[in-house]
Structures are given as structure tokens and as C-alpha cells.
Amino acid sequence: MRILTASDHALLVEAADLDEAMRLNLAWDGTRGVVERIPGARTVLVRFDPLVISAADLADELAATEIDTAHLPATGEVTVPVRYDGEDLDEAASLLGVSASELVNRHLAADWKVAFSGFAPGFGYVVSSDPLFDVPRRSSPRTRVPAGSVALAGAFTGVYPRESPGGWQLIGRTDALMWDIDRDPPALLSPGTTVRFESVREQAVMPALVSENADEAADTRRVADRHAAAGAPAPGSPTAAAIEIVRPSLQLLVQDAGRPGFAALGVSASGVADRRAMRDANRAVGNASDAAVLESVGGAVLRFRGAGVAAVAGAVGSLALIDAGGVARPLAHGVPFATVEGDELTLGHPASGLRYVIAVRGGVAAEPALDSRASDTLAGLGPAPLAAGDVLGVGDSAPHPVEPESTPRPLPAPGDLVDLEITLGPRDDWFTTAALASLTGQEWTVTPRSDRVGIRLEGAVPLERSVGGELPSEGAVTGAIQVPPDGQPVLFLPDHPLTGGYPIIGALTDRSLDLAGQLPPGARVRFIVKETS
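Residues numbered from 1 in each chain as written. Predicted model: local features only at pLDDT ≥ 70, side-chain atom pairs only at ≥ 80, totals over all residues. Heavy atoms only, no water.

Outline the sheet that holds strand β27 (residues 454-458), supporting the account with residue identities and numerical values.
One closed barrel holds the seven strands; their spatial order is β25-β32-β29-β30-β27-β26-β33, and the pairing between them is mixed. Pairwise comparison of adjacent strand axes, ignoring direction, gives a mean angle of 40 degrees for this sheet. One ladder, built from three bridges, connects strand β25 (residues 417-424) with strand β32 (residues 504-508); its direction is antiparallel. Among the inter-strand pairings, Thr 423 is bridged to a residue of β32, identified as Ala 507. Here helix α7 (residues 433-441) sits on the sheet and contacts β25, β26 (444-446), β32 and β33 (524-529); the angle it forms with β33, its principal contact strand, is near 120 degrees. (Pairing = 2+ DSSP bridges. Helix = DSSP H or I, 4+ residues; strand = E, 2+ residues; numbered from the N terminus. Axes fitted to C-alpha atoms, helices over the stretch in contact; angles between N-to-C directions. Contact = heavy atoms within 4.5 Å.)

Printed below as a string of C-alpha cells:
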């Protein structure tokens, strides 16, 4: 096997083929220092804790692995009904040198099995023994692929669990519910599951299927359940501690430290984009460092119900607290302040940084999903983005006294130049020498087409590849610098897909991740390669 650097806290292990990658992944259960493993088509990404084990020592342990030759376990069988009417059906058939009808017939006849999960919760990479299926991705990915789309890429079939961007070839659609957090397991296509595709012409009624209306009704019930579980006060109960959203920002979310450890379900860690800001805000109000907070992109207005204590960290801008009589007083960044019934917190447009983090003493009491209150915008997991009129309960756990003093750290404004430390790899050898020089030798501008999934960067000189063709899907870490065909990098943030098929030229070091989460559009970035001892 070949072991490559994926970041300062992850290694990418290359296997001979998919079968070996799956066996290696199973063999590393319980390996010292390993936080999470993300299998790919011919790789396993291994995230580790550098305080427990060094990269060199872990690489030695992984390289010494003896692979079990026993049959891989099966975990059940499902049937997925498909209407073969996808936009790319004819093109995919042409790429494979067969007719559309033959592609469909062989897709139905093949024996399929879920090899691994990734990209998004419920997205299973389903492989068969039929050698026909080896389809290149689209040269230009779609920005919107509808939920339930059945698609091909490489040797895999996949079904998009929810609407998302994607570059796979669409051959059909299904109404099967790919992901349901209340189901065990939540993913219909979980690793090891045997899959049979069945052709249907009209919408079928099966236990695994839901109509659009039923899905909307379920979403409505889940929202109601979330509000109930969050402890939001009932109408007519003005003294209960809570936060009412008067005016949301461009994006106002509940966040915490995330949900690591669920990669096998296709679930990324997600979590707050600026961990330091969350720690600072929570420390100011006396919470545990990982208590749930609000993360706001830009200005917002929040109204407090009942008495409490709050603090704002992260982005720096004008802050004011307006009482019920309309009297306003300015607030200091990072310093706790008392709130009473009817007080409104006004967050101005940030002068520097991008994301405010607002903590309340006791923590935000949103309903957890998979042990976390983090809102994953790509996966649609956790509390929904907050809108005007939403009310959030406040918890009652605050184990520490408030800390009245805080000094804001410098954050970039639009136009500022920021140095970000990176490690090269795992696919820096897919790029020309000139591209590697351009990566670190030129400035990159943060474009407005950026979000919690990733920051789209733009440079004068695109990064040129030296290796053509498709890269089999493999794991990616937060902070990975992925390079699509246009050569303009995408810097992954917490809600990035677990796996992807574009080469990753490098990744931010852990200490640069929080700063990346505060980069506003227009900021300029310069990458500095970390010195290794």
C-alpha cells in the first residue's frame, strides 16, 4: 500500500482495489489514535489525533496490517424502484457503446452491493460485477441535482438522498427514501447491503417510498418535534428563557462542536465554522466549551425572553442591545452582557470577519441529531436554518462563572491579505510543477460563491493538472483544497462532502481552519506550506 499525507491530522492509504480498501477499513477497528475512517473506491482516509499518535507512527501501524481474507459481511437486501428517464441516459449509453435500452436492462440484471458511503448522508456507492459500468463524470457538474436521482459515475451507481450539486450521469429517479434519521439504520443503502433495481413506469407504493406530500408532512412533523424538544416556551409564557428570531441574517444556524464518528453513515462532522469563536463566546457566559451556539453570517436581530446572559464573538462589527423602551446601549465584542425580557440584540454588518457566534448562558436548547445540535447545510441534518419568528429554548447547564474580559483577535476584512498554512497532498503529484508554484506563489481571492460547504477561490493562473482522467472517489477532510476541471480551487469548510472525485492538492493545517471560516468575499489568500521536521 501507499500512504500519503492528507493533512496534519489525516493520512490517505491507497489500496490495490475496492475490495482491499474495504478489508483494510475493517481491519483498522480500534487502532490507536484513529478518530475516523472514510473508505473510498481504492483508498481509506484515516483521521487521527496527533496528540495521541504521530503521523509517522500511525503510518507504520497501518502498513503492518494483515488483511482478513474472509468474505465481507452482508447487511441485508433492498429493492429500489426506478423510472429510467434520466437526462443523461442516452449520453451515458453512448459513452458505454450500448443503446439506452441495453444500459437499462443490464442495470436491472446486475448484482449490486453497497461498497461504502460518502458525499452525503444516505449516499451509498453501489458497485456490481458487470464490467459495462465504468462511466466518466460530467465535464461540468450540475449545481442542482433533484433528490431521488439515480446516477452513474465510474463503476458506481448512486442515488442522491436530497437536492444537491453533483457531476454524476443521471439515468433515472426513484421515490425511495434514502435517508431517515428515525430509521435503523438511517441509510437505506448502507455498506454491505445487496441492492436490486426494479423498473417502474408510475409512482409505486412501497414501505420504502414516500410521496412528495407525505415527505412534506413528515418534515412539518419533524419541525414541530424540534421546537418541542428545544424547550421553546409556549405562547403566553413570557418569563421562560428563550431567543426569538426577529430578523435573520443571510444564514443563521444552530451550531456546536459537530458530530465526528459517523462517516460510516456518510455523515460528516460539520460543526461551527470558527471553533475558537465558539469557545470564546461560551467561556464568556460560563458554558462548557462545546455548548450549542448561534452562528450568523452578517447582521441579525434577536429578541430575548426572560432573564439571561449572552456574549458575541467571532466577526467584529457594531453590537447594540435595545431594551423594551427603545433605549440602545453599545456592547463590547466577546464581553458577556445581561439580558431581560424584551431586550433585542442587533448585530451590524461585520467590519471584519464573516460569522458572528452568539452564546447564551445555559446553551441553545435545540434538538440533537446523532448526538449533536450542529446544522449541516449540505446534508440537511440537525436544526433547520432559522427564520423570522422562530423561537429557541435556552438550556440550564452553565458549569462555570462568567468571564468579563475578552480581547477580539484580528480578522480579515474584504481586500485584506491572509496567510493560511497548508500541507501538500494527497494528490499534489496530479499537478504540474508550475501549478504547485502557482498554488503558493500567487494570491487567491475569496469569491461570493462561497458557503459552509466550501470557499470558491479565484486566481489569475488556474492550477494545471499533469494527470488526466478520472480520480476514483476518495475521502476529504475539512480544509482540503480540491481542484475542479477549471483549475480554480475550492477550500472545503465543515459541511463539505465526505468523498469526492476531484484531486486534492493540499489541505489547511488544523490551526488555520478557524481563520478560514471567517474569510469574507473579497479577502485575499496566500497559501504557505508548513515546514516539516
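If you had to explain the sheet that holds strand β21 (residues 337-339) to someone new, which residues and values would you point to?
Taken together, five strands build an open sheet; the order of strands is β15-β16-β23-β18-β21 and the sheet is antiparallel. The two strands at the open ends of the sheet, each matched to only one other strand, are β15 (251-255) and β21. Across the sheet, the mean angle from the axis of one strand to that of its neighbour is 30 degrees, orientation sign disregarded. In this sheet, strand β16 (residues 293-297) lies alongside β15 in antiparallel orientation, the contact comprising five bridges. The partner of Leu 253 across the bridge, within β16, is Glu 295.

Explain helix α4 (residues 100-109) residue by residue, including any values.
In an α-helix, one turn spans 3.6 residues; hence positions three or four apart end up facing the same way. Residues Leu 103, Val 104 and His 107 constitute the buried set of α4. Along the axis of α4, the buried positions cluster into a sector of 95 degrees, meaning they face one direction only. Along its buried surface, α4 packs onto α3 (89-96), β6 (112-117), β9 (149-153), β10 (156-159), β12 (169-173) and β13 (194-199). (Buried < 20%, exposed > 50% of the residue type's maximum accessible area, 1.4 Å probe, protein only. Arc of directions from axis to C-beta.)

Give a detailed account of the environment of Ala 300, specifying residues and quantitative values.
Residue placement: Ala 300 occurs in strand β17 (residues 300-305). Sequence separation of Ala 300 and Asp 486 is 186 residues, and the distance between their C-alpha atoms is 36 Å. Each residue touching Ala 300, except ones within four places of it in the same chain, is listed here: Arg 247, Pro 248, Ser 249, Leu 345, Thr 346 and Leu 347.

Tell me about the pattern of salt bridges, and name the residues and values.
This structure, assessed with the given rule, holds 32 salt bridges. For Arg 47, the salt bridge is made with Glu 36, and the minimal N-O distance between the two is 3.0 Å. With a gap of 11 residues between them, Arg 47 in strand β4 (residues 43-48) and Glu 36 in strand β3 (residues 34-39) connect regions that are remote in the sequence. Residue classification places Glu 36 among the buried residues on the basis of a relative accessible area of 6%. The shortest N-O distance in the salt bridge between Arg 409 and Asp 274 comes to 2.6 Å. Of this pair, Arg 409 sits in the loop between β24 (391-393) and β25 while Asp 274 sits in the loop between β15 and α6 (275-285), and the two are 135 residues apart along the sequence. (Salt bridge = Lys/Arg side-chain N within 4 Å of Asp/Glu carboxyl O.)

Lay out the side chain of Ser 117 with the relevant residues and their values.
Structurally, the position occupied by Ser 117 is in strand β6. Those residues in contact with Ser 117, other than ones at most four positions away along the chain, are Pro 39, Phe 123, Gly 124, Tyr 125, Leu 189, Pro 191, Ala 263, Ala 264, Leu 265, Gly 266 and Thr 499.

Talk me through the nonpolar core; I want residue IDs and the actual numbers.
Nonpolar side chains in soluble globular proteins tend to be buried together. In terms of nonpolar packing, the biggest core is built from 28 residues, with Val 80, Leu 103, Trp 112, Ile 171, Leu 189, Val 195 and Phe 197 touching the most fellow members. Elements supplying a minimum of two residues to this core: β5 (77-82), α3, α4, β6, β9 and β13. No other element matches α3, which puts four residues into this core. (Core = buried A, V, L, I, M, F, W, Y, C linked by side-chain atoms within 4.5 Å.)

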